[in-house]
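# Coordinate inspection notes
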Amino acid sequence: MELLEKLNWRFATKAMNGKKIPQEKIDIILEAARLAPTSSGLQPYEILVITNQEVKEKIKPHAWNQSQITDCSHLLVFAAWDNYTEERINNMFDLTNEIRGFKNEGWENYRQQLLQVYPPRPAEENFTHAAKQAYIGFGAAIIAAAFEEVDSTPMEGFSPDAVDEVLNLREKGLRSVLLLPLGYRDSENDWLVNLTKVRKAKEDFITEIK
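Please read these numbers as outputs of a predicted model, since none were measured by experiment.

### Points about the overall build of the chain
On a plain count of helices and strands, the chain comes out with nine helices and four strands. When the elements of the chain are put in sequence order from the N terminus, they spell out α-α-β-α-α-β-α-α-α-β-α-β-α. In terms of its C-alpha atoms, the chain occupies a principal-axis envelope of roughly 60 × 50 × 30 Å. The buried share of the chain, taken over its 210 residues, is 44%.

Right, dumping it as structure tokens:
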């Protein structure tokens, strides 16, 4: 029940007070995102953690001048691979073999299957697939933040091309997908803070097929 209580507590915070989040809480939120599942275990995205105020100021005008960008404690940028390449796929499969200490025939066959399917596809198709994986980690981070009673504001409202340029992401083979300011709510100036959370009724949202 505690998890559901925390999810009811959270909302898309509209005003943050600039208070710094303890590092141990940030570590938990990031670890939750790192542990999130991804297709074939490839983890085709990275998270940039921005605390530099000058960098946040540069990003703000490209995110509809939303105040949370600069008033948050930590700004997370979820950036997906711009493409699936043989090198990237092989690196993850090799890492799995190294950590587990053995090779598995079925796993190696699956590697070859992915190498035959992913790299030949158009880069934009592969980026779209990778971006969807970033959303999974994004959701895990939001839930972990709520559990730690850290406020967050999920953001798709920004110019990815501009943010990519500010952070030099394209040179790293990455493209920004989502922004997640983390901080603490400014209760006196947040118009949403005391409003009732609105969600569809369970019977309108869930269909059971027995």
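### Some points on the environment of Asn189
Tracing the backbone through its elements, the reader meets Asn189 in the loop between strand 4 (174–183) and helix 9 (202–205). Residue class for Asn189 comes out exposed when judged on its relative accessible area of 56%. With 172 residues separating them in the primary sequence, Asn189 and Asn17 have C-alpha atoms 9.2 Å apart. Among the polar contacts listed, one links the side chain of Asn189 to the side chain of Asp186, at a separation of 2.8 Å.

### Some thoughts on the pairing of strand 2 (residues 74–81)
Counting buried positions along strand 2 gives eight out of eight residues, so the element sits mostly inside the fold. Of the pairings in the sheet, the one linking strand 1 (residues 45–50) to strand 2 comprises six bridges and is antiparallel in character. The residue bridging Tyr45 from the neighbouring strand is Ala80, located in strand 2. Here strand 2 runs beside strand 4; their pairing, made up of eight bridges, is antiparallel. Bridged to Trp81 within strand 4 is Leu174.

### Focus: the nonpolar core
If you look at the biggest cluster of nonpolar residues, it comprises 50 residues, and the most contacted ones within it are Leu179 and Leu182. Contributions of two or more residues to this core are made by helix 2 (23–34), strand 1, strand 2, helix 5 (86–100), helix 6 (105–117), helix 7 (123–147), helix 8 (160–167) and strand 4. Examining the composition of this core, we find that nine residues originate from one element, helix 7, more than from any other. Those residues in contact with Leu179, other than ones at most four positions away along the chain, are Ile59, Ala63, Ile69, Leu75, Leu76, Val77, Phe138, Thr153, Pro154, Met155 and Phe158.

### A few points about the sheet that holds strand 4
One open sheet holds the four strands; their spatial order is 1-2-4-3, and the pairing between them is antiparallel. In this open sheet, the two strands that pair with only one neighbour each are strand 1 and strand 3 (151–152). One ladder, built from two bridges, connects strand 3 with strand 4; its direction is antiparallel. In the sheet register, Ser152 faces strand 4, and the bridge partner there is Leu182. Running over the sheet, helix 2 touches strand 1, strand 2 and strand 4 and is turned about 165 degrees from strand 1.

### A look at the pattern of salt bridges
The tally for this structure, following the rule as stated, stands at 12 salt bridges. For Asp94, the salt bridge goes to Arg111, with nearest N and O atoms at 2.9 Å. Here Asp94, found in helix 5, pairs with Arg111, found in helix 6; they are 17 residues apart in sequence, far enough to count as distant. Here Arg111 falls in the buried class, since its relative accessible area comes to 5%. With a closest N to O distance of 2.8 Å, Asp161 and Arg170 form a salt bridge. You can call Asp161 exposed: its relative accessible area is 54%. If you follow the salt bridges from partner to partner, you end up with Asp94, Glu108 and Arg111 in one network.

### As for helix 5
Spanning 15 residues, helix 5 covers 21 Å between terminal C-alpha atoms, matching the ideal 21 Å at 1.5 Å per step. Those residues of helix 5 lying buried are Arg88, Ile89, Met92, Phe93, Thr96 and Asn97. Tucked inside the fold, the buried residues of helix 5 contact strand 2, helix 6 and strand 4.

### Focus: the environment of Leu115
Mapped onto the elements of the fold, Leu115 is located in helix 6. Between the alpha carbons of Leu115 and Asn90 there is a distance of 8.4 Å; along the sequence they are 25 residues apart. If we skip the residues at most four places from it in the chain, Leu115 touches Glu86, Ile89, Asn90 and Pro120.

Conventions we followed
- Residues numbered from 1 in each chain as written.
- Predicted model: local features only at pLDDT ≥ 70, side-chain atom pairs only at ≥ 80, totals over all residues.
- Heavy atoms only, no water.
- Helix = DSSP H or I, 4+ residues; strand = E, 2+ residues; numbered from the N terminus.
- Buried < 20%, exposed > 50% of the residue type's maximum accessible area, 1.4 Å probe, protein only.
- Polar contact = N/O pair within 3.5 Å; in protein donor to acceptor, adjacent residues only side chain to side chain.
- Pairing = 2+ DSSP bridges.
- Core = buried A, V, L, I, M, F, W, Y, C linked by side-chain atoms within 4.5 Å.
- Contact = heavy atoms within 4.5 Å.
- Axes fitted to C-alpha atoms, helices over the stretch in contact; angles between N-to-C directions.
- Salt bridge = Lys/Arg side-chain N within 4 Å of Asp/Glu carboxyl O.
- Expected span 1.5 Å × (residues − 1).

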